[in-house]
Amino acid sequence: MSSENEVADGHHGYIDDKTQYLQRMKRIEGQARGIAKMIDEEKYCIDILTQVSALTRALQGVATGLLDDHLKHCVLDAAKLSDDAGKAKIQEATDAINRLVRS
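This is a predicted model, so every value here is computed, not measured.

### Digging into the environment of His73
Consideration 1: Topologically, His73 is positioned in helix α2 (residues 45-81).
Consideration 2: For the pair formed by His73 and Gly13, sequence separation is 60 residues and the distance between their alpha carbons is 4.9 Å.

Printed below as a string of C-alpha coordinates:
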(Lines give C-alpha, C1' and ligand atoms only; values in the text may rest on other atoms or scores of the structure.)
Protein backbone atom coordinates (compact mmCIF):
# COMPACT_ATOMS: atom_id res chain seq x y z
CA MET A 1 0.00 0.00 0.00
CA SER A 2 1.07 3.63 -0.40
CA SER A 3 2.70 5.64 2.37
CA GLU A 4 0.59 7.13 5.14
CA ASN A 5 1.04 10.58 3.57
CA GLU A 6 -0.89 9.63 0.46
CA VAL A 7 -4.62 9.24 0.08
CA ALA A 8 -6.17 5.96 -0.93
CA ASP A 9 -5.90 6.63 -4.70
CA GLY A 10 -2.17 7.36 -4.43
CA HIS A 11 -2.47 11.06 -5.23
CA HIS A 12 -1.83 14.04 -3.03
CA GLY A 13 -4.51 16.71 -2.62
CA TYR A 14 -2.60 19.27 -4.69
CA ILE A 15 -2.32 17.02 -7.77
CA ASP A 16 -5.03 18.90 -9.70
CA ASP A 17 -3.11 22.16 -9.17
CA LYS A 18 0.38 20.71 -9.63
CA THR A 19 1.15 22.75 -12.76
CA GLN A 20 0.08 25.97 -11.04
CA TYR A 21 2.19 25.19 -7.98
CA LEU A 22 5.21 24.44 -10.16
CA GLN A 23 4.75 27.72 -12.05
CA ARG A 24 4.47 29.64 -8.78
CA MET A 25 7.60 27.97 -7.44
CA LYS A 26 9.54 28.86 -10.60
CA ARG A 27 8.53 32.50 -10.13
CA ILE A 28 9.60 32.27 -6.49
CA GLU A 29 12.96 30.84 -7.58
CA GLY A 30 13.34 33.82 -9.90
CA GLN A 31 12.50 36.20 -7.07
CA ALA A 32 15.12 34.56 -4.84
CA ARG A 33 17.75 34.84 -7.59
CA GLY A 34 16.76 38.47 -8.06
CA ILE A 35 17.32 39.16 -4.36
CA ALA A 36 20.73 37.49 -4.50
CA LYS A 37 21.61 39.68 -7.50
CA MET A 38 20.45 42.78 -5.62
CA ILE A 39 22.75 41.87 -2.74
CA ASP A 40 25.62 41.15 -5.13
CA GLU A 41 25.06 44.54 -6.77
CA GLU A 42 24.89 46.18 -3.33
CA LYS A 43 21.41 47.62 -3.79
CA TYR A 44 19.72 49.70 -1.12
CA CYS A 45 18.80 47.71 2.01
CA ILE A 46 15.15 48.75 2.06
CA ASP A 47 14.70 47.74 -1.59
CA ILE A 48 16.10 44.29 -0.78
CA LEU A 49 13.87 43.98 2.29
CA THR A 50 10.86 44.90 0.16
CA GLN A 51 11.69 42.05 -2.22
CA VAL A 52 12.25 39.64 0.70
CA SER A 53 8.80 40.57 1.99
CA ALA A 54 7.27 39.88 -1.44
CA LEU A 55 9.08 36.53 -1.59
CA THR A 56 7.83 35.63 1.87
CA ARG A 57 4.24 36.43 0.88
CA ALA A 58 4.61 34.32 -2.27
CA LEU A 59 5.84 31.35 -0.24
CA GLN A 60 3.04 31.84 2.28
CA GLY A 61 0.57 31.78 -0.61
CA VAL A 62 1.92 28.42 -1.76
CA ALA A 63 1.84 27.09 1.80
CA THR A 64 -1.75 28.14 2.44
CA GLY A 65 -2.83 26.74 -0.91
CA LEU A 66 -1.21 23.40 -0.13
CA LEU A 67 -2.79 23.41 3.31
CA ASP A 68 -6.21 24.10 1.80
CA ASP A 69 -5.74 21.24 -0.67
CA HIS A 70 -4.59 18.97 2.16
CA LEU A 71 -7.68 19.73 4.23
CA LYS A 72 -10.11 19.36 1.34
CA HIS A 73 -8.62 16.15 0.01
CA CYS A 74 -6.24 14.26 2.27
CA VAL A 75 -7.97 15.02 5.57
CA LEU A 76 -11.46 14.54 4.16
CA ASP A 77 -10.51 11.27 2.48
CA ALA A 78 -8.85 9.96 5.65
CA ALA A 79 -11.90 10.90 7.73
CA LYS A 80 -14.05 8.85 5.35
CA LEU A 81 -11.81 5.84 5.93
CA SER A 82 -11.97 5.89 9.73
CA ASP A 83 -12.11 8.16 12.75
CA ASP A 84 -8.52 7.29 13.65
CA ALA A 85 -7.23 8.05 10.15
CA GLY A 86 -9.15 11.33 10.15
CA LYS A 87 -7.81 12.32 13.56
CA ALA A 88 -4.27 11.50 12.45
CA LYS A 89 -4.60 13.72 9.36
CA ILE A 90 -6.12 16.53 11.42
CA GLN A 91 -3.18 16.32 13.83
CA GLU A 92 -0.79 16.34 10.89
CA ALA A 93 -2.48 19.49 9.54
CA THR A 94 -2.44 21.12 12.98
CA ASP A 95 1.29 20.43 13.28
CA ALA A 96 1.87 21.92 9.82
CA ILE A 97 -0.14 25.03 10.73
CA ASN A 98 1.91 25.42 13.91
CA ARG A 99 5.13 25.25 11.88
CA LEU A 100 3.79 27.85 9.43
CA VAL A 101 2.76 30.20 12.22
CA ARG A 102 6.18 29.96 13.85
CA SER A 103 8.04 30.66 10.60
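### Comments concerning the nonpolar core
Consideration 1: Counting 7 residues, the largest nonpolar core is built from Tyr21, Ile28, Ile35, Met38, Ile48, Leu55 and Val62.
Consideration 2: Broken down by secondary-structure element, the contributors of at least two residues to this core are α1 (18-40) and α2.
Consideration 3: If sequence neighbours within four positions are ignored, Ile48 has contacts with Ile35, Met38, Ile39 and Lys43.

### Points about the pattern of salt bridges
Consideration 1: Going through the model one piece at a time under the given rule, you end up with 4 salt bridges.
Consideration 2: Note that Lys43 is salt-bridged to Glu41, the shortest N-O span being 3.8 Å.
Consideration 3: Residue classification places Lys43 among the partly exposed residues on the basis of a relative accessible area of 42%.
Consideration 4: Among the salt bridges present, the one from Lys72 reaches Asp68, with a minimum N-O distance of 3.1 Å. With Lys72 and Asp68 both in helix α2 and 4 residues apart, this pair spans about one turn of that helix.
Consideration 5: By sharing partners, the salt bridges in this structure join Lys37, Glu41 and Lys43 into a single network.

The rules behind the values
- Residues numbered from 1 in each chain as written.
- Predicted model: local features only at pLDDT ≥ 70, side-chain atom pairs only at ≥ 80, totals over all residues.
- Heavy atoms only, no water.
- Helix = DSSP H or I, 4+ residues; strand = E, 2+ residues; numbered from the N terminus.
- Core = buried A, V, L, I, M, F, W, Y, C linked by side-chain atoms within 4.5 Å.
- Buried < 20%, exposed > 50% of the residue type's maximum accessible area, 1.4 Å probe, protein only.
- Contact = heavy atoms within 4.5 Å.
- Salt bridge = Lys/Arg side-chain N within 4 Å of Asp/Glu carboxyl O.

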